Amino acid sequence: MFKIAIFPYVLAAALPLQASALGLEEAVREGLRASSDLELMRAKKAEAGALLDEAKGNRLPRLAVKSAYTRGDEPVYAFASAMKQGTFSMASMATINDPEPVGNYQASLEAGVPLFTGLAISKGIQMREAGARALDAASARAEAGVRFSLVHQWLTALLRRHLLDTVEAAVADSEKEMETADSLREKGMVLGSDYYAAEAILAGLKAYRSQWRRAYDLEREKLNIMLGRPKDTAFEPAGRLDEADFGVGAQNDYLAGALSGRADLKAAAEAEKAAGAWASLQKNSILPVVEAFGVLEANSASLSDFKSAGLYGLRLTLPIGDPGWSARSRAASAGLRAQEAETAGLRRRAAAEVASAWQSYMGAVESARDAALTHEKARQSLELFRPLYRQGRQSVMEVLRAEQAVLEAKSAYYENLFKINLFYAQLRLASETLDDKAVSEIAAATAAK
């Protein structure tokens, strides 16, 4: 394989004082801490845990304390209040149809114990448990996604730094050639047409330099934003793109890992369980609800001398005319089928993502070899052009064209090295193995030597 001699980048000691070196692993750690997406997932998990506790709490007895003050002369109210207060007498019968206004202070303690709820409590707990597990899996997938985004952005900034360094070197070399051409032109050894054509090529290289400098600044700003820093925080990506062999195996190995370990598939499976519990709950909503209850009540005409009484028993509720039951059951069943279809779609999508990442990685490895050869040949061509040009046997225009060819070939080589690292990260993400160890592999492959 052809190797390209890359200028060794000096790290923190050689960086400008205002710019710090930022390694890949450091960027990933910082970005994970700053991610609002992961903070959102943590809040959702806390919410799911609280809702599960609420569902489990529905098994426990419910207690309620009530109090009220009422006053009126409605006959039934007055008669009943007097009996509850223990003040009813035969004299009360004389005014039963036209009583005096009666005031009543009432306090009660009520308790209810669910004995059978038509499976509502058990299915509710199943739904909340499945929901909590689904959020655990979704949170793990979200973390992997954020980790990949950080790796992608850091690699992009690193690529842009390489491209900028490359074009700056090409412009500097071309300017030296133009200085030589200018002196030769005065001696009549360089044609004016060739000279101006060479100037046009140099102007094109300078345009690349301006564009790539802006692109490098933009990618660093974007990474700063992802890390929760001020966007103008000065840093340089601490590393370099080089040929790397990550030992990628057969595609089917990654596919098997994806189908068995993908967190989004686990989340979808839990969502299916929740949808199944909901469908069962709706189907059984016509079952009776049985509750044991008890009431301890105290009444008084004043805030003293309360008379207490108790009432307890069983309460059964049976919905025998629920016109919405059939529609709710059908809707819940359709929701379950929709979730099953979504899970099947996710499995196919996972397989496609693995295939795409694996093929892209292999293609980048092959293209990097071709790009290395292209660059080597372009560099050799430039080295042959220079002495011929100084001898007056070649045009300065051809020398700058050769400089441009070297720039384009070297840029293409760097882009393929970038893709090797990126597609490896993408393959690990697709197979749910983009963890800290995988990030360390990429960091080691891009470490400046």
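Below: a short report on this structure.

1. Here's the deal with the overall build of the protein chain
Along its length, the protein chain carries eleven helices and six strands. Each of the three principal axes of the protein chain carries a C-alpha extent, and together these read 140 × 45 × 40 Å. Here the protein chain holds 449 residues, and 40% of them are scored as buried. For the protein chain, the share of sequence-separated contacts (at least 6 apart) that also reach a separation of at least 24 residues comes to 84%. About 23900 Å² of surface is accessible on the protein chain, with carbon and sulfur atoms providing 56% of the total. Looking at charge distribution, the protein chain has the averaged site of its 55 positive side-chain charges lying 3 Å from that of its 57 negative ones.

2. Some thoughts on the packing of aromatic side chains
All chains considered together, the criterion is met by six aromatic pairs. Relative to Tyr424, the ring of Phe246 has its centre 4.1 Å away and its plane inclined at 5°; by these criteria the two rings are stacked. Of this pair, Phe246 sits in the loop between β4 (235-237) and α7 (251-261) while Tyr424 is found in helix α10 (residues 396-430), placing the two residues 178 residues apart along the sequence. Note on accessibility: Phe246 and Tyr424 belong to one class, buried.

3. Describing the nonpolar core
Grouped together as the largest cluster of nonpolar side chains are 68 residues, with contacts concentrated most on Leu24, Val151, Phe246, Val248, Tyr361 and Ile420. Those elements that place two or more of their residues in this core are α1 (24-34), α5 (120-186), α6 (192-226), α7, α9 (325-390), α10 and α11 (436-445). Here this core gets 16 residues from one element, more than from any other, and that element is α10. Membership of the second largest hydrophobic core comes to seven residues, among which are Ala378, Val399, Ala402 and Ala409.

4. What to know about the side chain of Arg262
Turning to its location among the elements, Arg262 is positioned in the loop between α7 and α8 (263-283). Arg262 sits in the buried class, given a relative accessible area of 2%. Discounting residues that sit within four places of it in the chain, Arg262 has contacts with Arg141, Gly257, Ala350, Glu353, Leu429, Ala430 and Glu432.

5. Points about α10
If you check α10, its first and last C-alpha atoms are 50 Å apart, about what 35 residues at 1.5 Å a residue would give, namely 51 Å. Burial of α10 is extensive: 26 of the 35 residues sit out of reach of the surface.

6. Some details on the packing of α7 against α8
Between α7 and α8, whose axes approach to 6 Å, the crossing angle comes to 35°. The segment α7 lies against α8, with Ala258, Leu259, Ser260 and Gly261 engaging Ala263, Leu265 and Lys266. Taken together, the residues that form the contact of α7 with α8 break down as four nonpolar, two polar and one charged.

Definitions and cut-offs
Residues numbered from 1 in each chain as written. Predicted model: local features only at pLDDT ≥ 70, side-chain atom pairs only at ≥ 80, totals over all residues. Heavy atoms only, no water. Helix = DSSP H or I, 4+ residues; strand = E, 2+ residues; numbered from the N terminus. Buried < 20%, exposed > 50% of the residue type's maximum accessible area, 1.4 Å probe, protein only. Contact = heavy atoms within 4.5 Å. Areas by Shrake-Rupley, 256 points an atom, 1.4 Å probe, with all protein chains shown as cover. Lys, Arg positive; Asp, Glu negative; His and termini not counted. Charge placed at Lys NZ, Arg CZ, Asp CG, Glu CD. Phe/Tyr/Trp six-rings, centres within 6.5 Å; stacked < 30°, edge-to-face > 60°. Core = buried A, V, L, I, M, F, W, Y, C linked by side-chain atoms within 4.5 Å. Expected span 1.5 Å × (residues − 1). Axes fitted to C-alpha atoms, helices over the stretch in contact; angles between N-to-C directions. Nonpolar A, V, L, I, M, F, W, Y, C, P; charged D, E, K, R; others polar.

On their own, these measurements won't tell you what the molecule is for.
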